[in-house]
Amino acid sequence: MSDVKRSINGRLLGLDHGLARIGVAVSDPTGFVARILAIIERKSKREDFEKINRLAEQNSVIAFVIGLPNDLDAPEGKFTQADKVRNWVTAFTETTTLPIILWDEHMTTVDASEIAHQQGRKLRAHVDDLAARMMLQSYLDAVRDGLAEPPPKPPTTDPEEP
């Protein structure tokens with residue numbers, strides 16, 4: 001990658017996929033900072049996707065950044081959490097026209113638990129929203145530092161645009 005600083009022009013929605021919950025974070029329109037937005041209690045893919053797409057619409061997001069677990073220690077051929085997330089993303093892709101970026105979420109839940117403790121959250125409090133914020137912030141920082149590409153522009157429905 002070059003030394004050119006890249007920028008993001010629009011909000012991104014960060015998703016931390018879990019078996020019971022989905023953590024949701026959103027960036028500011030300049031792509032500088034991420035903040036926690038919500039925790040979605042998993043119901044069904046259809047209901048989960050509807051909630052996610054509703055949040056995307058309400059926050060005028062231009063792309064999704066979805067955390068992908070790092071399963072480097074998994075034995076070859078074993079179905080991993082990363083495989084589950086990829087399958088979920090494949091199904092989610094059918095419900096949106098917005099770009100989807102997969103981003104390493106290595107250690108975000110562990111780090112989020114530590115931050116939650118520092119913030120005085122209860123010991124058993126869910127940290128999915130914090131994990132989503134940390135993962136999204138990691139992506140935003142990487143784009144700003146020229147280490148990752150910004151999201152592609154979403155398809156336009158304006159016939160005047162090229």
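Summary of the structure given here. Everything quoted here is computed from the prediction, not taken from an experiment.

Our focus in this paragraph is unusual backbone geometry. We note that S60 has phi near 50°; this positive angle belongs to a residue other than glycine. Following the sequence through the fold, S60 ends up in the loop between helix 1 (45-58) and strand 4 (61-68).

Between its terminal C-alpha atoms helix 4 (residues 128-144) stretches 24 Å, which fits the 24 Å expected from 17 residues at 1.5 Å a residue. Here helix 4 lies mainly inside the structure; 13 of its 17 residues are buried. Two residues or fewer past helix 4, G146 is found with a positive phi of approximately 80°.

The next thing to look at is the pairing of strand 2 (residues 21-27). Strand 2 sits mainly inside the fold: 7 of its 7 residues count as buried. The side-chain alternation of strand 2 yields two buried faces, one formed by R21, G23, A25 and S27 and the other by I22, V24 and V26. As defined by bridge partners, strand 1 (residues 11-17) adjoins strand 2 across 5 bridges and the pair is classed as antiparallel. Paired with H17 across the two strands is I22, which belongs to strand 2. A loop of 3 residues connects strand 1 with strand 2, the two strands running antiparallel in sequence. Counting the residues between successive antiparallel strands, the hairpin from strand 2 to strand 3 (residues 34-41) contains 6 residues, one of them, G31, with a positive phi of roughly 70°.

What counts, and at which threshold
- Residues numbered from 1 in each chain as written.
- Predicted model: local features only at pLDDT ≥ 70, side-chain atom pairs only at ≥ 80, totals over all residues.
- Heavy atoms only, no water.
- Helix = DSSP H or I, 4+ residues; strand = E, 2+ residues; numbered from the N terminus.
- Expected span 1.5 Å × (residues − 1).
- Buried < 20%, exposed > 50% of the residue type's maximum accessible area, 1.4 Å probe, protein only.
- Pairing = 2+ DSSP bridges.

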